[in-house]
Amino acid sequence: MLVDLIRVPDPTCIDDLLDEPLGLMYLAACLKKEGYETRVTNLAGHSFESCKSEIKESDLYGIQLYTPTSELGIEIAKFIKENFPGKPVICGGAHPSALPESKELDIFDNVVIGEGERSIVKIVDAYRQNRRIQRVIKSDFIKELDSIPLPAWDMVDMMKFHRKVEGQRCFGIIGSRGCSFHCAFCDQAIMGNKVRFRSIDNIVYEIKEVINKYGVSRFEFFDDMFTVRKSRLVEFKEKTKGLKLSYRCNGRTDVLIKDVYWLLKESGCKVVCFGIESGSQEILDRMGKQNTVENNYKAIELAQEVGLTVIGYFMIGFPGETIETINETLEFIKKSNLDQAQFYTFIPLPGCDVYKHPEKYGTKIISYNYSDYYLVTGSEGLGGKIVETDSLSADELENQIKMIRRFLKERGFRGRTQDYYKDKLKYKQV
Ligand code: B12
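From a predicted model like this one, the values you see are computed outputs, not experimental measurements.

Enquirer: What exactly am I supposed to notice about the pairing of strand 12 (residues 218-221) here?
Expert: Two faces make up the sheet, and in a regular strand the side chains alternate between them. Both faces of strand 12 are covered, namely the face carrying R218 and E220 and the face carrying F219 and F221. Bridge count for strand 9 (residues 171-173) against strand 12 is three bridges, and the pairing is parallel. Bridged to F171 within strand 12 is F219. Across three bridges, strand 12 lies against strand 13 (residues 246-251) in parallel orientation. What sits directly across from E220, in strand 13, is R248. Tracing the backbone out of strand 12, into helix 7 (residues 230-239) and back to the parallel element strand 13 gives a crossover that is right-handed.

As structure tokens, this is what we get:
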């Protein structure tokens, strides 16, 4: 039985080939382990028209849906149903995990909520044995992350993707799943709000496999909580000695322990990215960030003191945003010594609290056209026009984003998402 796992293209993305489809590669590894023939069809970089010819006959199709690409994914499912009649088509990923019962997903034979490693095997087993299985399957969070096989890198051309650390190709890796915070803009439908960690040994084993198979010792950690446990960082540093790692990770700015940043630095971290979001304490509180503007300043300073490059992520247009709060954010950028600032338009992604309860936040969702739910796109780096705040219309918010892009350009920041992989960006010499 051949299972085809499909990554949908994202035409709004500035670089659709930035990262390998890690989630699908995990699913492929699990299916292969159970003896199923598996293929990952990576449609990134294609238009809907050009991707059709890439889709080949198979016994079962699994499609990953993000919200802004869900419509395209549904079109691909229709294409498969028309061209390969009778073949089951199932879906999973962030969008169906948040809205599993939505009408537009009716075309799918099965919908998987959450981490798919166990569920996909259950579904494929059922089809192979001609057994009935419920349509919507809610996956349990996988407690023993070490029990999951390593991602099946051989299913895609790993060197085709563009993510770089210090100008050289890096591999995506995820050492923990879930986040214990409850930010109102975040969709936690897949990984949940309890953090589960892989053992450091298991992570180091993955790193060594990548080095041995691909000669690559550069990584991007996608974890939300990479920096929160100092003891793990100590162990990580010890166990990766001699591997000459270079990596990038996310950090939380309420970690104000200088040792932590030394540990990052000494284990090969070059860049740490903080979700700063706003220069306004009021907006941070409304977001439920459980963090302060003061911590944001301090953490940037601490990380830079040890020689890390610091990138800040910001969000514009969260409910409550006004010209004044935008100015506070710009003030923050002027005063802090960030190496790079990246701005995104706030989008109430299905699954996040603002999407579920817009009235609680005093905001209006003005579009339910999911193709417009992109955070940033195009040369102007604009986001979809999805919300308006009490004091700013969607058009006014867009004008503010344009103004911010000019501001960043004047300051020599690139400021658009994904610019960091370009060779041109000079990292600070340390
Ligand atoms: C790293 C990351 C990225 C990377 C690339 C991710 C990758 N490796 O492919 C980049 C920067 C490119 C990216 C881009 C975007 N991202 Co992003 N990203 C993340 C992040 C931080 C980790 C994702 C990851 O690699 N997880 C690890 C793997 C193992 O999980 P996974 O991919 O979700 O797959 C699992 C399940 O979803 C499920 N599954 C997935 N597909 C399928 C298919 C089937 C058939 C089945 C059964 C199961 C299944 O099983 C997998 C294994 O457990 C998450 C937040 C988070 N911490 O989870 C956001 C997140 C997934 N991203 C998000 C968004 C919105 C985007 C963008 C749409 C932004 C935009 N352009 O506007 C784009 C879309 C890209 C695209 N290709 O369409 C949202 C999704 C919300 C939503 N409702 O869509 C998230 C959840 C952030 C958030 N909390 O709000 N992202």
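Enquirer: How should I be thinking about the sheet that holds strand 6 (residues 136-138) in this particular structure?
Expert: Spatial strand order, 2-1-3-4-5-6: six strands in an open sheet with parallel pairing. Bordering the open sheet on either side are strand 2 (37-42) and strand 6, each of which pairs with just one other strand. For this sheet, the mean angle separating the axes of adjacent strands, direction not counted, is 20°. By the bridge criterion, four bridges tie strand 3 (residues 60-64) to strand 4 (residues 89-92) in an arrangement that is parallel. Counted as the bridge partner of Y61 is V89 from strand 4. Set on the sheet, helix 1 (residues 22-33) makes contact with strand 1 (2-7), strand 2 and strand 3; between it and strand 2 the angle comes to about 165°.

Enquirer: In this structure, what is going on with helix 8 (residues 258-266)? I would like to understand it.
Expert: Each full turn of the α-helix corresponds to 3.6 residues, which orients residues three or four apart in the same direction. Considered for burial, the residues of helix 8 that qualify are V260, Y261, L263 and L264. Looking down the long axis of helix 8, one finds its buried residues gathered within 155° of arc, a one-sided arrangement. Residues of helix 8 that are exposed and point over 90 degrees away from its buried face: K258 and D259. Once helix 8 finishes, G268 follows within two positions and takes phi at roughly 110°, a positive value.

Enquirer: What is the right way to look at the environment of P151 in this model?
Expert: Tracing the backbone shows P151 in the loop between strand 6 and strand 7 (164-165). Under the C-beta neighbour-count criterion, P151 is labelled buried, with 26 such atoms within 10 Å. Separated by 191 residues in sequence, P151 and Q342 place their C-alpha atoms 29 Å apart. Contact partners of P151, with chain neighbours within four places excluded, come to L22, M25, Y26 and A29.

Enquirer: Teacher, can you tell me more about the site of the ligand here?
Expert: Taken together, 44 residues sit near the ligand, with G23, G62, Q64, G92 and G116 positioned nearest. Of all the elements in the fold, those that place two or more residues in the shell around the ligand are helix 1, strand 3, strand 4, helix 4 (94-98) and helix 5 (117-128). Per-element tally for the shell around the ligand: the top contributor is helix 1, with five residues. For the shell around the ligand, the residue count by class is 25 nonpolar, 13 polar and six charged. When we break the shell around the ligand down by domain, the ones giving at least three residues each are domain 1 (2-138) and domain 2 (163-421).

Enquirer: What is the right way to look at the packing of helix 1 against helix 5 in this model?
Expert: If you want to describe how two helices pack, look at the angle between their axes and the distance between the axes. Axis separation between helix 1 and helix 5 bottoms out at 9 Å; the angle between their running directions is 50°. The orientation of helix 1 relative to helix 5 falls into the category oblique. As for the relative orientation of helix 1 and helix 5, their crossing is right-handed in sense. Contacts from Y26, L27, C30 and L31 of helix 1 reach helix 5 at E117, I120, V121 and V124. Class assignment of the residues belonging to the contact of helix 1 with helix 5 gives a composition of seven nonpolar, no polar and one charged.

Enquirer: What am I meant to see in helix 11 (residues 323-335) here?
Expert: With 13 residues, helix 11 should cover 18 Å at 1.5 Å per step; its first-to-last C-alpha distance of 18 Å lies within 8% of that length. Each element contacted by the buried residues of helix 11 is listed here: helix 9 (281-287), helix 10 (293-305), strand 15 (309-316), strand 16 (340-345) and helix 13 (394-410).

Enquirer: Would you take a moment to explain the domain arrangement of the protein chain for this structure?
Expert: By convention, interface size is frequently given as the accessible area that disappears when the constituent parts associate. Domain boundaries assigned for the protein chain yield domain 1 (2-138) and domain 2 (163-421). Computed over C-alpha atoms only, the centres of domain 1 and domain 2 are separated by 27 Å. Mapped onto the side of domain 1 that touches domain 2, the elements with two or more residues apiece are helix 3 (70-83) and helix 4. The leading source of residues in the side of domain 1 that touches domain 2 is helix 4, at four residues. The residue inventory of the side of domain 1 that touches domain 2, partitioned by class, reads eight nonpolar, six polar and five charged.

Enquirer: Please clarify how the sheet that holds strand 14 (residues 269-277) should be interpreted in this entry.
Expert: Within a beta sheet, neighbouring strands are joined by backbone hydrogen bonds and run either parallel or antiparallel to one another. With parallel pairing, the six strands of this open sheet are ordered in space as 9-12-13-14-15-16. With partners counted over all chains shown, the strands left at the sheet margins are strand 9 and strand 16, one partner each. Direction aside, the axes of adjacent strands within the sheet are offset by 20° on average.

Cut-offs applied
The numbers attached to residues start from 1 for each chain and follow its sequence in the written order. Local features in a predicted model are, by the rule used here, given only for residues with pLDDT of at least 70; side-chain atom pairs are given and counted only at 80 or more, and totals for whole chains, interfaces and linings are based on all residues. For every residue, the other C-beta atoms within 10 Å of its own C-beta are counted; 20 or more classify it as buried, 12 or fewer as exposed, and values in between as partly exposed. C-beta atoms are placed from the backbone. The helix and strand labels rest on DSSP assignments: H or I over at least four residues marks a helix, E over at least two residues marks a strand, and numbering proceeds from the N terminus. Pairing between strands is defined by DSSP: at least two bridges between the two strands are required. Note on handedness: a crossover is taken as right-handed if, strands pointing away from the viewer, the path from the first strand over the helix to the second is clockwise. Interaxial angle, 0 to 180 degrees, is taken between N-to-C directions of lines fitted to C-alpha atoms, where a helix line uses only the stretch in contact. A residue pair is marked as a contact if its C-beta atoms, positioned from the backbone, fall within 7 Å. To be clear, the arc concerns the directions from the helix axis to the C-beta atoms. Only the C-beta atom matters for nearness: placed from the backbone, it must lie within 6 Å of the molecule or strand for the residue to count as near. We call Asp, Glu, Lys and Arg charged. Ala, Val, Leu, Ile, Met, Phe, Trp, Tyr, Cys and Pro are nonpolar, and the rest, Gly among them, are polar. Here the limits of each domain have been adopted from an automatic or database domain assignment. When an angle is under 35 degrees it counts as roughly parallel; over 145 it counts as roughly antiparallel; between 65 and 115 it counts as roughly perpendicular; any other value is oblique. Less than a right angle of anticlockwise turn of the near helix away from the far helix marks a crossing as left-handed, whereas a clockwise turn marks it as right-handed. To estimate the expected span of a helix, subtract one from its residue number and multiply by 1.5 Å.

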